[in-house]
Amino acid sequence: MHSPKRYPLSVSLFHWLLAAAILGNLAIGWMLDDAMELMALHKSLGALVLLLAVARLVNKLRSRKRLPASVNEAGTASYLGEKAVHGLLYVAMFAIPLLGWLKTNAAGHAVSVFGLVNLPTLMSRNADWSETLGDWHAMVAYGLAALVAAHVCAAVAHQLLHNESVLGRILPSLRR
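Described below are features of the structure shown in this document. No experiment lies behind these values; they were computed from the predicted model shown. (Residues numbered from 1 in each chain as written. Predicted model: local features only at pLDDT ≥ 70, side-chain atom pairs only at ≥ 80, totals over all residues. Heavy atoms only, no water.)

## Focus on the packing of aromatic side chains
In step 1: A complete count under the given rule lists two aromatic pairs for this structure.
In step 2: Seen in terms of ring centroids, W129 and W136 are 5.9 Å apart; in terms of plane orientation they differ by 75°. Their pairing is edge-to-face.
In step 3: Note on W136: relative accessible area 37%, which makes it partly exposed. (Phe/Tyr/Trp six-rings, centres within 6.5 Å; stacked < 30°, edge-to-face > 60°. Buried < 20%, exposed > 50% of the residue type's maximum accessible area, 1.4 Å probe, protein only.)

Laid out in structure tokens, this is it:
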């Protein structure tokens, strides 16, 4: 079977929606020390990231036979690095919002999504766990930032060093 050269539009759209939500929420998260009034927005965007991550994973599994092959040769260090970074990106997309949700509940608060609905309470109030979960939430977020940087650097390297337009494959296009 011939591998397509571009990602399906749905995969591309989920990629960029999640990228925008994640990058925006990372920026907001880093501003919270100086602007706690952003906390409600941070929590709402975190819930949105979790929802989009679930939808993206379901869509990717549904579309898996229409995904382009890796530009890296199977079994090479580049291929294994690509798979590791992509896998860890998915883990972080789920772990960070879940850790934030648990931290918020352990602090004795509900997670409100844009003031429209409260997410269910996953754990009871526990100040020690709230602090620990908050630390984990922050550590994984810093790890995510490093993974995003590696992901972007790899795309740039493919373009500059190998003349492979991996960015062109994931950009949304209505022409297929």
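Don't stop here, the text continues.
## Some points on the environment of A149
In step 1: Note that A149 resides in helix α4 (residues 127-162).
In step 2: Sequence separation between A149 and V91 is 58 residues, and the spatial gap between their C-alpha atoms is 16 Å. (Helix = DSSP H or I, 4+ residues; strand = E, 2+ residues; numbered from the N terminus.)

## Topic: the packing of helix α1 (residues 9-31) against helix α2 (residues 39-63)
In step 1: Two numbers describe how α1 lies on α2: the axes approach to 9 Å, and their chain directions differ by 155°. With respect to α2, the element α1 is oriented roughly antiparallel. Pair α1 / α2 crosses with left-handed handedness. Residues S10, V11, F14, H15, L17, L18, A21, I22, N25, I28 and G29 of α1 form the contact with α2, whose own contacting residues are L41, H42, L45, G46, V49, L52, A53, A55, R56, N59, R62 and S63. (Axes fitted to C-alpha atoms, helices over the stretch in contact; angles between N-to-C directions. Parallel < 35°, antiparallel > 145°, perpendicular 65-115°, else oblique. Left-handed = near helix turned anticlockwise from the far one by under 90°. Contact = heavy atoms within 4.5 Å.)

Honestly, that's just the spatial picture; any functional story needs more than this.
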